[in-house]
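What follows is each chain in one-letter form.
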Amino acid sequence: MTDDATDGHDSSPAREAFDHDPIGHARISAGMTVAELAAEYGNAGIGAADLAEAIDVTAEAFDREETTVFLGLAGAMVPAGMRAIVADLIREGHIDALVTTGANLTHDSIEAIGGKHHHGTHDHPDYGEREFDERLRDEGVDRIYNVYLPQEHFTLFEKHLRTEVFDAIGEEVVSIAEFTRELGRANAEVNGREEINEDAGIAAAAYEHDVPVHVPAIQDSVLGLQAWLRSQVSGFSLDALADMSPLNDLAYGADSTAAIVVGGGVPKNYVLQTMLVTPGAYDYAVQLTMDPPQTGGLSGATLDEARSWGKLKKGAKNVSVYADATITLPLVVAGALDAIE
């Protein structure tokens, strides 16, 4: 048996000179633009590099007029303060279809008609967590981690639905998208009529710019509960299947498509599954999530896994950023808008 070491032969595999794309150390200075900050993220590695790539992919999708952009929005993004970002993207023509939760539209409507969410704490210094939440219950305050919402705002919202939305629809069976369109119209009208000191919001912007809003799991929300209660005393009801043709037709007829997925759950799947009934697949996809893929659940499934289903093209540009979306969404949007100006 020959010993390469003793024969003077090098058994290491051959490789090219290892001088490609070295990691750069991010440099931060006062007065930096978002674009400059994004470039520094791109010089670094791990999550910073992913965030920079997400900015690049989003910017390219926004900048191509022929690209139809589908936004999936899950989680407590409206209570957390991401409402204006989404509404502005719709107004600026960067979103062609929105898939979200009934909860986000509930909280969006509350703000549109005069309610407010408030900063709070999830760890009160004088009470244990259970005792603190029991006290909030007695005081009529709902907690979403470190965001508070007085329960009287839900009463205001329910009245808004009865007088401004349900009465306008009447004894009809409508699609969920038609229902959310009426909600957006009512939010915009009340916001202007009452001179509310807050933006009319997501549903209103979608109504004004003819962007469909799909809420496939609308039953899982106060908005859905109120729709169900109305259906018990009138001819009003929602036809969930009626939403699928317009959304799938939008995907079918698009020259190019992009999926921006914030969070997981039903909105994520609803956005991605549109490509299962079209001859195409997404050209771009960006996912902002904290869900790991190891459980096999849809919320954590990677975008590369979606490629195996035919939801993304083999050559699609896609990236996932694993971090709190209330941190990453503003950075990605700001960086993308800065890049295309």
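Scroll up for the structure.
Sequence order sets the numbering: in each chain, residues are counted from 1 along the sequence as written. Side-chain atom pairs in this predicted model are given and counted only at pLDDT of 80 or more, local residue features only at pLDDT of at least 70, and totals for whole chains, interfaces and linings cover all residues. The basis for the side-chain values is all heavy atoms of the structure; hydrogens and waters are excluded.

Participant: Please clarify how helix α3 (residues 47–63) should be interpreted in this entry.
Facilitator: Working note: α-helix, 3.6 residues per turn, so residues spaced by three or four point in the same direction. Here a helix means four or more residues in a row that DSSP labels H or I, a strand means two or more in a row labelled E, and each is numbered from the N terminus. Expected helix span is taken as 1.5 Å per residue step, with the number of steps being one fewer than the number of residues. Taking 1.5 Å as the rise per residue, α3 with 17 residues should run 24 Å; its terminal C-alpha atoms sit 24 Å apart, in good agreement. Only protein chains enter the accessibility calculation, which uses a 1.4 Å probe; a residue is then buried when its area is under 20% of its type maximum, exposed when over 50%, and partly exposed in between. For α3, the complete set of buried residues consists of Ala48, Leu51, Ala52, Ala54, Ile55, Val57, Thr58, Ala59, Ala61 and Phe62.

Participant: Please explain helix α14 (residues 325–340) as it appears in this structure.
Facilitator: Its 16 residues give α14 an end-to-end C-alpha distance of 22 Å, which sits within 8% of 22 Å, the value for a rise of 1.5 Å per residue. Of the positions making up α14, those classed as buried are Ala325, Thr328, Leu329, Val332, Val333, Gly335, Ala336 and Leu337. Check the buried side of α14 and you find it contacts α2 (34–43), α3, α4 (83–91), β9 (256–262), β10 (282–289) and β11 (312–322). Contacts were defined at the residue level, with two residues in contact if any of their heavy atoms lie within 4.5 Å.

Participant: Looking at this model, I keep getting lost on the nonpolar core. Mind explaining?
Facilitator: In summary, soluble globular proteins display a tendency toward joint burial of nonpolar side chains. As used in this record, nonpolar core signifies buried Ala, Val, Leu, Ile, Met, Phe, Trp, Tyr and Cys residues forming a set joined through side-chain atoms within 4.5 Å. Grouped together as the largest cluster of nonpolar side chains are 59 residues, with contacts concentrated most on Ile90, Phe179, Leu223, Val262 and Leu288. Ignoring anything within four residues of it in the chain, the contact list for isoleucine 90 reads Ile95, Ile202, Ala205, Ala206, His209 and Val211. Val261, Val271, Met275 and Tyr282 belong to the second-largest nonpolar core, a separate cluster that totals 17 residues.

Participant: Would you mind showing me how to read the side chain of aspartate 243 here?
Facilitator: Mapped onto the elements of the fold, aspartate 243 is located in the loop between β8 (237–239) and α11 (244–253). Buried and unpaired, aspartate 243 has arginine 181 as its nearest opposite-charge partner, separated by 12 Å. Residues scored as positive are Lys and Arg, those scored as negative are Asp and Glu, and His as well as the terminal groups of each chain are ignored. Salt bridge, as used here: a side-chain nitrogen of Lys or Arg that lies within 4 Å of a carboxyl oxygen of Asp or Glu.

Participant: How should the pairing of strand β2 (residues 97–100) be read in this particular structure?
Facilitator: Both faces of the sheet carry side chains from a regular strand, because those side chains alternate between them. Because side chains alternate across β2, one face comprises the buried residues Ala97 and Val99, and the other comprises Leu98 and Thr100, equally buried. Strands pair, by our definition, only if DSSP identifies at least two bridges between them. Judged from the four bridges that link them, strand β1 (residues 67–73) and β2 form a sheet pairing that is parallel. Pairing of leucine 73 across the sheet is with threonine 100, part of β2. Where β2 and strand β7 (residues 213–214) come together, two bridges link them in parallel fashion. From the neighbouring strand, leucine 98 faces β7, where its bridge partner is valine 213.

Participant: What's the story with the packing of helix α5 (residues 102–112) against helix α8 (residues 176–193) in this structure? I'm lost.
Facilitator: The angle between the axes and the distance between the axes are what describe a pair of packed helices. Running from N to C, α5 and α8 cross one another at 20°; their axes reach a closest spacing of 9 Å. When the axes of α5 and α8 are compared, the pair comes out roughly parallel. The element α5 and its partner α8 pack so that their crossing is left-handed. Judged by residue contacts, Leu105, Asp108, Ser109 and Ala112 of α5 engage Thr180, Leu183, Asn187 and Asn191 from α8. Residue polarity follows a fixed list, in which Ala, Val, Leu, Ile, Met, Phe, Trp, Tyr, Cys and Pro are nonpolar, Asp, Glu, Lys and Arg are charged, and the others, Gly among them, are polar. Considered class by class, the residues forming the contact of α5 with α8 number three nonpolar, four polar and one charged. An axis is simply a line fitted to the C-alpha atoms; with a helix, the fit covers only the stretch in contact. Between two such axes, the angle follows the N-to-C directions and lies from 0 to 180 degrees. An angle below 35 degrees is treated as roughly parallel, one above 145 as roughly antiparallel, one from 65 to 115 as roughly perpendicular, and anything else as oblique. Throughout, a crossing is termed right-handed when the near helix is turned clockwise from the far one, and left-handed when it is turned anticlockwise from it by less than a right angle.

Participant: Can you walk me through the packing of aromatic side chains in this structure?
Facilitator: For any pair of aromatic rings, geometry is given as the distance between the ring centres together with the angle between the planes. Any two rings among Phe, Tyr and Trp, with Trp reduced to its six-membered ring, count as a pair given centres within 6.5 Å; such a pair is stacked if its planes are under 30 degrees apart, edge-to-face if over 60, and tilted if neither. The full count for this structure, using the stated rule, is six aromatic pairs. Both rings, one in tyrosine 127 and one in phenylalanine 132, keep their centres 6.4 Å apart while their planes meet at 20°; by these two values the pair is stacked. A residue is classified by how much of its surface remains accessible, and tyrosine 127, at 25% relative accessible area, is partly exposed. Pairing phenylalanine 166 with phenylalanine 179 gives two aromatic rings, centres 5.9 Å apart and planes at 5°, and the pair type is stacked. Here phenylalanine 166 is found in helix α7 (residues 152–169), whereas its partner phenylalanine 179 is found in helix α8, with 13 residues between them in sequence. Of the two residues, phenylalanine 166 and phenylalanine 179, neither departs from the other in class, the shared state being buried. Connected via pairs of aromatic rings, a cluster forms that spans Tyr127, Phe132 and Tyr148.

Participant: Is there a simple way to think about the sheet that holds β2 in this case?
Facilitator: Adjacent strands of a sheet pair through backbone hydrogen bonds, lying either parallel or antiparallel. Overall, parallel pairing links the six strands, which are arranged β7-β2-β1-β9-β10-β11 in an open sheet. The open sheet has two edge strands with one neighbour each: β7 and β11. Pairing geometry for β10 and β11, over seven bridges, is parallel. The residue bridging glutamine 287 from the neighbouring strand is serine 320, located in β11.

Participant: Would you take a moment to explain the sheet that holds strand β5 (residues 147–150) for this structure?
Facilitator: Strand order across the open sheet formed by three strands is β3-β5-β4, with antiparallel pairing between neighbours. Two strands bound the open sheet, and with one partner strand each, they are β3 (118–119) and β4 (141–144). Relative to β5, β4 runs antiparallel, the two being bridged by four bridges. Within the sheet, the bridge partner assigned to arginine 143 lies in β5 and is tyrosine 148. Where α7 meets the sheet, it contacts β4 and β5, and its direction lies at approximately 60° from that of β5.

Participant: Help me understand the pattern of salt bridges in this model?
Facilitator: Two side chains that carry opposite charge are able to pair once their charged atoms sit near each other. Tallying each qualifying case throughout the model produces 20 salt bridges. Where arginine 143 meets aspartate 133, a salt bridge forms, and the shortest distance between an N and an O atom there is 2.7 Å. On the criterion of sequence distance, the pair formed by arginine 143 in strand β4 and aspartate 133 in helix α6 (residues 129–139) is long-range, its members being ten residues apart. You can call arginine 143 partly exposed: its relative accessible area is 24%. Note on aspartate 133: relative accessible area 27%, which makes it partly exposed. Here arginine 230 ties to aspartate 167 by a salt bridge, and the two come within 3.0 Å at their closest N and O atoms. Of the two residues, arginine 230 sits in helix α10 (residues 222–231) while aspartate 167 sits in helix α7, which places them 63 residues apart along the sequence. Exposure remark for aspartate 167: the relative accessible area of 49% places this residue in the partly exposed category. Within this structure, Arg83, Asp108, Glu111, Lys116 and Glu198 form a network of salt bridges that share partners.

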